[in-house]
Amino acid sequence: MAKPELGKYQPLSYFQLMEVSLRELLVEKGLLTEEQIRREVEDMRGRTPERGAKVVARAWTDDAFKKRLLENGTKACEELGLDVPALKLVVVENTPQVHNVIVCTLCSCYPRMLLGIPPDWYKSRAYRSRMVREPREVLKEFGLVIPPDIQVRVHDSTADMRYLVLPMRPEGTGGWSEERLAALVTRDSMIGVSAPKSPGKNA
Amino acid sequence: MGEAKYKVGEKVRVMKAYPPGHIRTPFYIRGHTGTVERICGAFPNPEELAQMRDGLPAQPLYRVRFRQKDVWPDYKGPDADVMEIEIFQHWLEPA
């Protein structure tokens, strides 16, 4: 198939056309304004995994906060000024004995308020069907080998909860500030398919 | 709001039923037995919400833990591996 030429007119795809039609109808009927829609899209694009990283770094440096976070994720995030409406957050902690990983087999539920827009692989049929069936093999394909003496705990996000993995704090980060720690926390480590960055290289 | 019938640590079985409609209970877990990990609260029933009804009374929602080896008899990983899934109360029965 020929590559679309940038800058030239391209016909709308089915879903683009549906989106435009629905948006124009909502505006025409006075249910929403164009400004409200623009602002919502801007906010949505502004949510990035840095929000989640801030939560993780705080938990690494403040044991009392970590305890509250594991008890009630939504409330603890509010303390940091992170409003997570319509989201009951369950934070699951990685330990030397347990490795947690998140999947949504039914669709693609994801803690968007903390991690932004999910990566395409998270929504793929292969990830969604295989992560519950053979998690260790899938993790290995992400480059993460879990030793057999560590329990793998897969969380299938099927209803009203959303999940965030609290990864283990990397060794060699004693005395680090929250900001410096947050820079080690990656999106994938909060989904559970990788470990945080190691402090060695860019410390 | 519906009362929570099951306690944390209690064994429960997911009903082996295949009704039509918008169901938030994955096929692969139906008929399997697990343990209540926590009670998440009560939420409007998604099967009703999908029919444009109010979903009330709210249904208690549980996180249930299953052993991978129980769900997939040919599971290759260690015995200790588990999965945890949110299941609404009306899909559970005592085990």
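Each value, and the rule that gives it
Residues numbered from 1 in each chain as written. Chains lettered and ligands numbered in written order. Predicted model: local features only at pLDDT ≥ 70, side-chain atom pairs only at ≥ 80, totals over all residues. Domains from an automatic or database assignment. Buried ≥ 20, exposed ≤ 12 C-beta atoms within 10 Å, placed from the backbone. Helix = DSSP H or I, 4+ residues; strand = E, 2+ residues; numbered from the N terminus. Pairing = 2+ DSSP bridges. Contact = placed C-beta atoms within 7 Å. Axes fitted to C-alpha atoms, helices over the stretch in contact; angles between N-to-C directions. Parallel < 35°, antiparallel > 145°, perpendicular 65-115°, else oblique. Left-handed = near helix turned anticlockwise from the far one by under 90°. Nonpolar A, V, L, I, M, F, W, Y, C, P; charged D, E, K, R; others polar.

Student: Quick question: what am I supposed to make of the domain arrangement of chain A here?
Tutor: One frequently used descriptor of interface size is the decrease in accessible area upon assembly of the parts. Entries for chain A in the domain assignment read domain 1 (15–46) and domain 2 (49–202). Each of domain 1 of chain A and domain 2 of chain A has a C-alpha centre, and these two points are 31 Å apart.

Student: How should the pairing of strand 2 (residues 98–103) of chain A be read in this particular structure?
Tutor: All names here are of chain A. For strand 2, the buried fraction is high: 5 of the 6 residues fall into the buried class. Here strand 2 pairs with strand 3 (residues 151–156) via 6 bridges, running parallel. Counted as the bridge partner of Ile 102 is His 155 from strand 3.

Student: Got a minute to help me understand the pairing of strand 4 (residues 82–88) of chain B in this structure?
Tutor: Taken residue by residue, a regular strand's side chains alternate between the two faces of the sheet. With respect to burial, strand 4 of chain B is a largely interior element, 7 of its 7 residues being buried. Neither face of strand 4 of chain B is left uncovered, since the one carrying B:Val82, B:Glu84, B:Glu86 and B:Phe88 and the one carrying B:Met83, B:Ile85 and B:Ile87 both have all their residues buried. As paired elements, strand 3 of chain A and strand 4 of chain B share 4 bridges and run parallel to each other. From the neighbouring strand, A:Arg153 faces strand 4 of chain B, where its bridge partner is B:Val82. The pairing of strand 3 (residues 59–67) of chain B with strand 4 of chain B spans 7 bridges and is classified as antiparallel. The partner of B:Val64 across the bridge, within strand 4 of chain B, is B:Ile85.

Student: Honestly, the environment of B:Met15 in this entry has me stumped. Any pointers?
Tutor: Residues and elements named next belong to chain B. Inspection of the secondary structure assignment puts Met 15 in the loop between strand 1 (11–14) and strand 2 (33–43). Separated by 79 residues in sequence, Met 15 and Pro 94 have C-alpha atoms that sit 9.9 Å apart. Excluding residues that lie within four positions of it along the chain, Met 15 makes contacts with Arg 30, Trp 91 and Glu 93.

Student: Just checking my understanding: could you explain the sheet that holds strand 4 of chain B for this structure?
Tutor: Sheet strands line up and pair through hydrogen bonds in the backbone, either parallel or antiparallel. Reading across from one edge, 2(A)-3(A)-4(B)-3(B)-2(B)-1(B)-5(B) is the order of the 7 strands in this open sheet, with mixed pairing throughout. Two strands in the sheet have a free side with no partner beyond their single neighbour: strand 2 of chain A together with strand 5 (92–94) of chain B. Averaged over all neighbouring strand pairs, the angle between strand axes comes to 35°, with direction disregarded. Here 3 bridges tie strand 1 of chain B to strand 5 of chain B, and the two strands are oriented antiparallel to one another. By the bridge assignment for strand 5 of chain B, B:Val14 is matched with B:Leu92. In the packing of helix 8 (residues 125–133) of chain A onto the sheet, contacts are made with strand 2 and strand 3 of chain A together with strand 4 of chain B, and the angle to strand 2 of chain A comes to roughly 150°.

Student: Help me understand the packing of helix 3 (residues 49–61) of chain A against helix 4 (residues 63–71) of chain A in this model?
Tutor: Helix packing geometry: the angle between the two helix axes and the distance between the axes. All names here are of chain A. Relative orientation of the contacting elements helix 3 and helix 4 amounts to 125°, with a least axis distance of 6 Å. It follows from the interaxial angle that helix 3 and helix 4 lie oblique. The handedness of the crossing between helix 3 and helix 4 comes out as left-handed. When helix 3 is examined against helix 4, the residues Val 55, Arg 58 and Ala 59 are found in contact with a partner set consisting of Phe 65, Lys 66 and Leu 69. Each residue belonging to the contact of helix 3 with helix 4 can be placed in one class, and the counts come to 4 nonpolar, no polar and 2 charged.

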